[in-house]
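Tertiary structure, described
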Amino acid sequence: MTRYVLRRLGASALMLVLVSILIFVVLRLLPGDPTITKVGAAQGIDPRALAELRGELGLNDPIPVQYWHWVAGLFSGDLGRSYFSQFDVDVLIGQRIGPTLELSFAGVVLAVVLALVLAVAPTVLRSKWLGRFVGGYTTLGMAAPPFVFGIVLIALFTVKLGIVGNKDYVAPTTDFFGNLAALTLPALTLGICLSAPLIKYLRASLSEVEGSQHVRTAVGKGIRRRAVVLRHVLPNALLPALTSLGITVGAVLSGAVVVEYVFRWPGLGSLIVDSVYKRDYAVIQSTVLLLAAIFVLVNLVVDILYGVLDPRLRVGEVAAA
């Protein structure tokens, strides 16, 4: 088990290094200049003033040198400073990460609830029309991007029915019910999108386990179908779906970027979008790396948990080595 965990830790660390290089290089290759954006006009600017400003921001150094300064700062706890607001990046992230975590948590909880209900119900009830409905829901949820669902939900529940307003964010410590009202539509948007792949994996796993010998034996003993599914099929089907859940939890962060922008949610997603418009490299690269680190960490935990629950995986690793 120790060897299995060490392999996963090494792979995760390598992944983060590659992601950090990719983020850094891609940002420098994008068109646009943060110094021109900072000054506010592309014409009539003294080139020497721009060169001095680039020097102050460290943008005149070769890209490998800039990368080294950034990585060295990360290890010393210095994420840099925004080119525009002059706030430290860690302060900006600290102000925005709370709403993002709140939205992500609510979206994942809704996704898990929707997945369990919509995957198990057709199996228990043996309903063909319900199975077709869930199949259509899964296809639509995986095909349509999150912003489409966000716009549809706003049009339906806010504009047409007037049931849930598209309210601005307010902290739960300030107004709990106001926060809940603002959270409803963004969380529902994320929940619908994230539940679709979960349902697909869970239904496939349920179908596979349902045909196993011990399930047929339980049915042969005359146990009620609902009890067979909940006691014998579902627990065994959850293990393969665990991997999908890990990917889904990681994907929630990328989905939240779009959803936050649609619903004016003041989280890391909207911070990234604003920073991309301004070419605020210091904010973008540290925030995106943070999201990537959370994604890698979640999948690392899932991999380790998977290895604990399924010893065959560890045996396979040792045999392959």
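What follows is about the environment of Ala171. As for its placement among the helices and strands, Ala171 is situated in the loop between α7 (146-160) and α8 (176-210). Exposure remark for Ala171: the relative accessible area of 25% places this residue in the partly exposed category. For Ala171 and Ala182, which are eleven residues apart along the polypeptide, the C-alpha to C-alpha distance reads 9.8 Å.

Attention shifts here to unusual backbone geometry. Although it is not a glycine, Arg264 adopts a positive phi angle of roughly 55°. If you trace the backbone, Arg264 turns up in the loop between α10 (225-262) and α11 (268-278). In this model, Arg279 sits at a positive phi of 55°, which is unusual for a non-glycine residue. Locating Arg279 in the fold gives a position in the loop between α11 and α12 (281-309). You can call Arg279 partly exposed: its relative accessible area is 21%.

Before going further, it helps to examine the packing of aromatic side chains. As enumerated under the stated definition, the model contains six aromatic pairs in all. Considering the side-chain rings of Tyr83 and Tyr281, the 6.3 Å spacing of their centres and the 70° angle between planes classify their relative orientation as edge-to-face. Placement of the pair is Tyr83 in the loop between α4 (63-75) and α5 (89-125) and Tyr281 in helix α12, with a sequence separation of 198 residues. A residue is classified by how much of its surface remains accessible, and Tyr83, at 7% relative accessible area, is buried. In this structure an aromatic cluster arises from ring pairing among Phe24, Tyr67 and Trp70. One residue, Arg28, lies across the ring of Phe24, its end atom 3.8 Å from the ring centre.

With that settled, the discussion passes to the pattern of salt bridges. Inspection of every chain in the model, using the stated rule, returns one salt bridge. The partner of Arg81 in a salt bridge is Asp88, and the shortest N-O contact between them spans 3.4 Å. Accessibility expressed as a relative area gives 46% for Arg81, which makes it partly exposed. Look at Asp88 and you get partly exposed, because its relative accessible area is 33%.

Basis of the calculations
Residues numbered from 1 in each chain as written. Predicted model: local features only at pLDDT ≥ 70, side-chain atom pairs only at ≥ 80, totals over all residues. Heavy atoms only, no water. Helix = DSSP H or I, 4+ residues; strand = E, 2+ residues; numbered from the N terminus. Buried < 20%, exposed > 50% of the residue type's maximum accessible area, 1.4 Å probe, protein only. Phe/Tyr/Trp six-rings, centres within 6.5 Å; stacked < 30°, edge-to-face > 60°. Lys NZ or Arg CZ within 6 Å of the ring centre and 35° of its normal. Salt bridge = Lys/Arg side-chain N within 4 Å of Asp/Glu carboxyl O.

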